[in-house]
2 protein chains.
Amino acid sequence: MAAYCRDHALALRPHVKTHKSLRVASEQVARGAGGLTCATPRETEVMSEVTPDLLLHHPILGSKLQRVMSLPRSANVIVALDSAEAIDRLSDAAQAAERDVGVYVEVDLGMHRVGVQSTDDVIALARRSCERPRLRFAGVTFYPGHIREHVREQQDKFERLRSDLEALLDAMEVAGCPPPVLSGGSTPLAWRAHELPMVREVRPGTYVYNDRTTAEIGACEWDDCALTVLATVVSTAVPGQAVVDAGSKALGREPMRGVEGEGFGALLDHPEVTVQRMSEEHGVLDLSSTSWRPRVGEQVRIVPNHVCVVVHLNDAIHGVRGDEVVESWTVSARGRGAVPAGAGLLG
Amino acid sequence: MAAYCRDHALALRPHVKTHKSLRVASEQVARGAGGLTCATPRETEVMSEVTPDLLLHHPILGSKLQRVMSLPRSANVIVALDSAEAIDRLSDAAQAAERDVGVYVEVDLGMHRVGVQSTDDVIALARRSCERPRLRFAGVTFYPGHIREHVREQQDKFERLRSDLEALLDAMEVAGCPPPVLSGGSTPLAWRAHELPMVREVRPGTYVYNDRTTAEIGACEWDDCALTVLATVVSTAVPGQAVVDAGSKALGREPMRGVEGEGFGALLDHPEVTVQRMSEEHGVLDLSSTSWRPRVGEQVRIVPNHVCVVVHLNDAIHGVRGDEVVESWTVSARGRGAVPAGAGLLG
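Because the structure is a prediction, the values reported are computed rather than measured.

Thresholds applied
Residues numbered from 1 in each chain as written. Chains lettered and ligands numbered in written order. Predicted model: local features only at pLDDT ≥ 70, side-chain atom pairs only at ≥ 80, totals over all residues. Heavy atoms only, no water. Contact = heavy atoms within 4.5 Å. Salt bridge = Lys/Arg side-chain N within 4 Å of Asp/Glu carboxyl O. Polar contact = N/O pair within 3.5 Å; in protein donor to acceptor, adjacent residues only side chain to side chain. Helix = DSSP H or I, 4+ residues; strand = E, 2+ residues; numbered from the N terminus. Phe/Tyr/Trp six-rings, centres within 6.5 Å; stacked < 30°, edge-to-face > 60°. Buried < 20%, exposed > 50% of the residue type's maximum accessible area, 1.4 Å probe, protein only. Pairing = 2+ DSSP bridges. Right-handed = clockwise from strand over helix to strand, strands pointing away. Lys, Arg positive; Asp, Glu negative; His and termini not counted. Axes fitted to C-alpha atoms, helices over the stretch in contact; angles between N-to-C directions. Parallel < 35°, antiparallel > 145°, perpendicular 65-115°, else oblique. Left-handed = near helix turned anticlockwise from the far one by under 90°. Nonpolar A, V, L, I, M, F, W, Y, C, P; charged D, E, K, R; others polar. Least-squares fit on C-alpha atoms with pLDDT ≥ 70 in both.

Topic: the interface of chain A and chain B
A common way to express how large an interface is: the accessible area buried when the components associate.
Thinking step 1. The interface is formed by 66 residues belonging to chain A together with 65 residues belonging to chain B.
Thinking step 2. Between chain A and chain B we count 10 salt bridges in total.
Thinking step 3. Where chain A packs against chain B, one counts 28 residue pairs in polar contact (both at pLDDT 80 or more).
Thinking step 4. Those elements giving two or more residues to the side of chain A that touches chain B turn out to be strand E9 (229–235), strand E10 (241–244), helix H10 (248–251), strand E14 (299–304), helix H11 (307–312), strand E15 (316–321) and strand E16 (324–330) of chain A.

This is the structure:
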């Protein structure tokens, strides 16, 4: 990913939600990432040890404002948001903390999750962020999470995205507030960012480990799935299945996204075997498509459907070469971190 | 639950998976729980500080055996299992550690997850656990997780369960190995345990906090849902919805279990509003069934579908009276704990 971005003169700002690890973030910065993308105040706190250039791609309000304003003064923070309220509260907090903060205005280009709905609203929020004390309009951002399934077959959605972006930039130019940066995102689409020449920054996260979904949609190969959940077969008592000691508390109950696929993960060495059902600490392997018959005590490696959730469920990721554990990485940015004492949690 | 069990002379062995907290476990023991049920070695390690009477209701194999054998020698450990392999490995480990371990033989009475399939197999494993050094046959266990939806309307399944249990106990009596304990489980069924007089021990977990599923199936009232996820509305940009800062990494992607119900949680103060879609850090509230229109910055409390998974996603639970945080409980038994250095993880 670093080489791809270098080749296409794209700024790479990886999303740390996938790994939440200082060790992995350091490697990303060493390979040329100009900054990092975070989803929570906790992630910015931890990642401020690795880079001063932090994008919090989530509106912050309430007690979270206080946390972000307490980041080291060396940190150059940008916040992505989509409302006048979020701009005003951010300006209030920045003034109180006597620090400057950048603003990305988020626009909805088809995901229908967050993001303003019209070019006029983008321009209005861009202007508002210019006018409010201590804020700086740093760019426009979008998340193309609606373009997933077999990206290369989704040419219509992709063309629509390109024309929407062109129209948006033209309108902002005419309005006299061109965005300093247009920031895109997502691992599947990052590999096509060079076909959207107006996009100057990408925020892929999953690429660092990849997962079953990424492989199935064709954005990586099966062998590129770097993270697996090690599990042990604990029961073969019920016919037609084997039960492992990894359930929803280890794998997350995550379906395949934007592509067909049964189950909650597949075995690295037997991709036809999936985790068909789960309880909290039990995963039921469906043996109907395989002649493989595991014995109790046998270990398996499960490629999860969605790696970001698996990392969030764990405190450490163990680096393995062959059957040897060679290092362990703490998932430092997991969790919410310390809650401000008493006040501020509610109300 | 403690009062119910006392009234019916039932041994209460709460499942700690729901809270993973020493503080809550201490309260359970103080109110009469004779021991605790755990799902992972980590849970037994933490809970050994509260009680010596620990049931690990999950077969252990491989490196987990070593961890459980390292519990304080005062701990009276029982392991639930369903295979000859698990018995033999447990006996090996117990001999090496020079400690005695109890065995519950797990039987499948309709859940089809784990558990032996026939009375003959129960008897065979009971005898095997009697014969193997350092092991003690401590009882028979079952998990009636297949009886959930509106328990009182599931009389057929319940009657089948009762007759299966009667037949099993008769056969074990005839075979000369009656189980010292017959252990049942699950919060919904715990309240009917007195109708199964052969069951001498129950292992409910969820009752300690309850959740949306427990309320919907009628095993508690809505006001009995003690744990909520506090979230802030961060975006109202997309029409018809509001987005909060709690997604799959806070709520878990857990459906309702055994009962109809849309979404991944419902608002405590607006039960008609559910979390309809989620990303990792975004929850999309469906506003189609309400005239309530939240503003950006407003806080809401979400009753999750499945509380055990929510607890597992957090490091602390905050005790609140009104709008005041009065205490915080560490989720001490969350996670896997320290991994034995290098060796034993793989192979």
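Text resumes after the structure shown.
Digging into the packing of aromatic side chains
Residue and element names in this part refer to chain B.
Thinking step 1. All told, the structure shown has 2 aromatic pairs over all chains when counted by the stated rule.
Thinking step 2. Ring centres 5.5 Å apart and planes at 65° place the aromatic pair Tyr4 and Trp191 in the edge-to-face group. Separated by 187 residues along the polypeptide, Tyr4 in helix H1 (residues 2–7) and Trp191 in the loop between helix H8 (187–190) and strand E8 (201–202) bring together distant segments of the chain.
Thinking step 3. A relative accessible area of 29% places Trp191 in the partly exposed class.

Points about the pattern of salt bridges
Residues and elements named next belong to chain B.
Thinking step 1. Under the definition given, this model contains 48 salt bridges over all chains.
Thinking step 2. The residue Arg31 makes a salt bridge to Glu27 at a minimum N-O spacing of 2.5 Å.
Thinking step 3. In this structure, the salt-bridge partner of Glu280 is Lys249, at a minimum N-O distance of 2.9 Å. Of this pair, Glu280 sits in the loop between strand E12 (275–278) and strand E13 (283–286) while Lys249 sits in helix H10 (residues 248–251), placing them 31 residues apart in sequence.
Thinking step 4. Taking relative accessible area as the criterion, Lys249 reaches 1% and is therefore assigned buried.

Let's talk about the pairing of strand E6 (residues 135–141) of chain A
Residues and elements named next belong to chain A.
Thinking step 1. Within E6, 6 of the 7 residues are buried, which leaves the element mostly enclosed by the surrounding structure.
Thinking step 2. Of the strand pairs in this sheet, strand E5 (residues 101–106) and E6 are connected by 6 bridges, and their pairing is parallel. Each bridged residue has a counterpart across the sheet, and for Val105 the counterpart in E6 is Val140.
Thinking step 3. Each parallel crossover has a hand, and for E5 linked through helix H6 (residues 119–131) to E6 it is right-handed.
Thinking step 4. In this structure, E6 lies alongside strand E7 (residues 182–183), joined through 2 bridges in parallel fashion.

A few points about the side chain of A:Arg203
Residues and elements named next belong to chain A.
Thinking step 1. Note that Arg203 resides in the loop between strand E8 (201–202) and helix H9 (212–216).
Thinking step 2. An unpaired buried charge is present at Arg203: no salt bridge exists, and Glu201, the closest side chain of opposite charge, is 5.3 Å distant.
Thinking step 3. Of note is the side chain of Arg203, whose polar atom sits 2.6 Å from the backbone oxygen of Gly184.
Thinking step 4. Each residue touching Arg203, except ones within four places of it in the same chain, is listed here: Arg13, His15, Thr37, Leu55, His57, Thr141, Phe142, Tyr143, Ser183, Gly184, Gly185 and Ser186.

Points about unusual backbone geometry
All names here are of chain B.
Thinking step 1. Backbone geometry at Lys20 places phi at a positive 50°, although glycine is not the residue there.
Thinking step 2. Looking at the element boundaries, Lys20 is found in the loop between strand E1 (11–12) and helix H2 (22–30).
Thinking step 3. What makes Lys20 buried here is its relative accessible area of 1%.
Thinking step 4. Phi is positive for Glu98, close to 55°, though the residue is something other than glycine.
Thinking step 5. For Glu98, the location among the structural elements is in the loop between helix H5 (84–97) and strand E5 (101–106).

What about the packing of H6(A) against helix H7 (residues 155–174) of chain A?
Residues and elements named next belong to chain A.
Thinking step 1. Orientation of H6 relative to H7, taken along the N-to-C sense of each, is 45°, at an axis distance of 10 Å. In terms of their interaxial angle, H6 and H7 are classed as oblique. Once H6 is placed against H7, the crossing between them reads as right-handed. In contact with Thr119, Val122, Ile123 and Ala126 of H6, H7 contributes Leu168, Ala171 and Met172.
Thinking step 2. Its residues assigned to classes, the contact of H6 with H7 shows 6 nonpolar, 1 polar and no charged.

Here's the deal with the relation of the copies chain A and chain B
Thinking step 1. When chain A is fitted onto chain B, the two copies agree to an RMSD of 0.0 Å after a turn of 180° and an axial shift of 0.0 Å. Look at the turn and shift together and you get a two-fold axis relating the two. Within chain A, A:Arg253 has its C-alpha nearest the rotation axis, a separation of 2.8 Å.
Thinking step 2. Taken together, the interface assignments show that 98% of the residues at the interface of chain A recur at the interface of chain B, consistent with an identical surface on both copies.

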